[in-house]
Amino acid sequence: DGETLAQMYAMPNGEVHFYAPQQDLMVQYDGTAVKVKAQNSYRSETRGLCGTFNTQPVDDFTTPQGYVLQNPYEFAATYALQDSSCQGPAKELKARAQQRIANGQYSRNLVVYGNVVADQEANPRSRSNSNNISKDKLTSCSQRRLMSMERNGKMCFSVKPQLQCSAPCSPQGYVTKEVEFMCVAPSAASQHWQEMIERGNNPDFSQKKSNAQSYSVKVPQSCQG
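Throughout, a residue's number is its position along its own chain's written sequence, starting from 1. At least 70 in pLDDT is required for a residue's local features to be given in this predicted model, at least 80 for side-chain atom pairs to be given and counted, and no such filter applies to totals for whole chains, interfaces and linings, which use all residues. Excluded from the side-chain calculation are hydrogens and water; included are all heavy atoms of the structure.

What follows covers the overall build of the chain. The helix count covers DSSP runs of H or I at least four residues long, the strand count covers runs of E at least two residues long, and both are numbered beginning at the N terminus. Along the chain, the regular secondary structure elements total four helices and 13 strands. The rule is simple: take the accessible area with a 1.4 Å probe, protein chains only, and divide by the maximum for that residue type; under 20% is buried, over 50% is exposed, in between is partly exposed. The proportion of buried residues among the 225 residues of the chain is 37%. Here the contacts in the chain between residues at least 6 apart in sequence split such that 57% fall between residues at least 24 apart. Surface accessibility follows the Shrake-Rupley procedure with a 1.4 Å probe radius. Residue values consider only the protein chains on display as shielding. About 13,700 Å² of surface is accessible on the chain, with carbon and sulfur atoms providing 48% of the total. Residues are treated as being in contact if the distance between any of their heavy atoms lies within 4.5 Å.

Take the sheet that holds strand E4 (residues 34-38) next. In space, the four strands of this open sheet follow the order E1-E2-E3-E4, with antiparallel pairing throughout. Each edge of the open sheet is held by one strand with a lone partner, namely strand E1 (7-10) and E4. Adjacent strand axes in the sheet meet at a mean angle of 15°, parallel and antiparallel pairs treated alike. DSSP calls a pair of strands paired once it identifies at least 2 bridges connecting them. Examined bridge by bridge, strand E3 (residues 25-29) and E4 share five bridges and lie antiparallel to one another. Its bridge partner lying in E4, Tyr 29 is registered against Val 34. As a rule, the C-alpha atoms of each element are fitted with a line to give its axis, helices using only the stretch in contact, and angles between N-to-C directions run from 0 to 180 degrees.

It is worth spelling out the state of the cysteines at this point. To count as a disulfide, a pair of cysteine sulfur atoms needs to be within 2.5 Å. Taken as a whole and assessed by the stated rule, the structure comprises two disulfides. Through a disulfide, Cys 156 is tied to Cys 183; the S-S separation comes to 2.0 Å. Residues Cys 156 and Cys 183 are joined by a disulfide whose S-S torsion is about 110°; by sign, that bridge is right-handed. You can see Cys 156 sitting in strand E8 (residues 154-158) and its partner Cys 183 sitting in strand E11 (residues 174-184), a full 27 residues away along the chain. Covalently, Cys 165 is tied to Cys 223 through a disulfide, its sulfur atoms 2.0 Å apart.

Shown next, in the form of structure tokens:
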């Protein structure tokens, strides 16, 4: 029909440009790196090596299965096609990422909200036993998930995932422990993080640890089906 579906041309500086006018996408390649330019209509609608395009870099490293990784090399390797032509460290990095997921470091299960305990209600004996939780091995009944809660008008997210029981298992007692939370004013960003956690992802808040606050929370002592 005389419509241009795609254009590809070389620039004087050696770059190669690919433009798809109907999709309003531009891809630039300079021999080393690829740059993709997309319009605002694609925001929060993209997946893959270029991220989620939602102004929140915390979930850019989302794998094809929906897990959010922290290591960029392992993240890139999850998109590698492992056939006979696959060369380099991609196979090893992909296997490492899959092992971390299998070990429960990254989870897609729904979040279990923390039960905040006032300081005057905290049991000193239970608190002294809380260190045992971090040493517990994960089982088919348990996993580590980020906790979220509201505190003093702010949204708070645990800096590190905490032990929680998987359905249909149930907690066999609770202990009280001090957990670091990152607390922020309600915003589009905090709502996005909350939605990520509800989808089962564990956003990386370790870089924001300097602003963390400690709260006493109850976590399962063990889980049993």
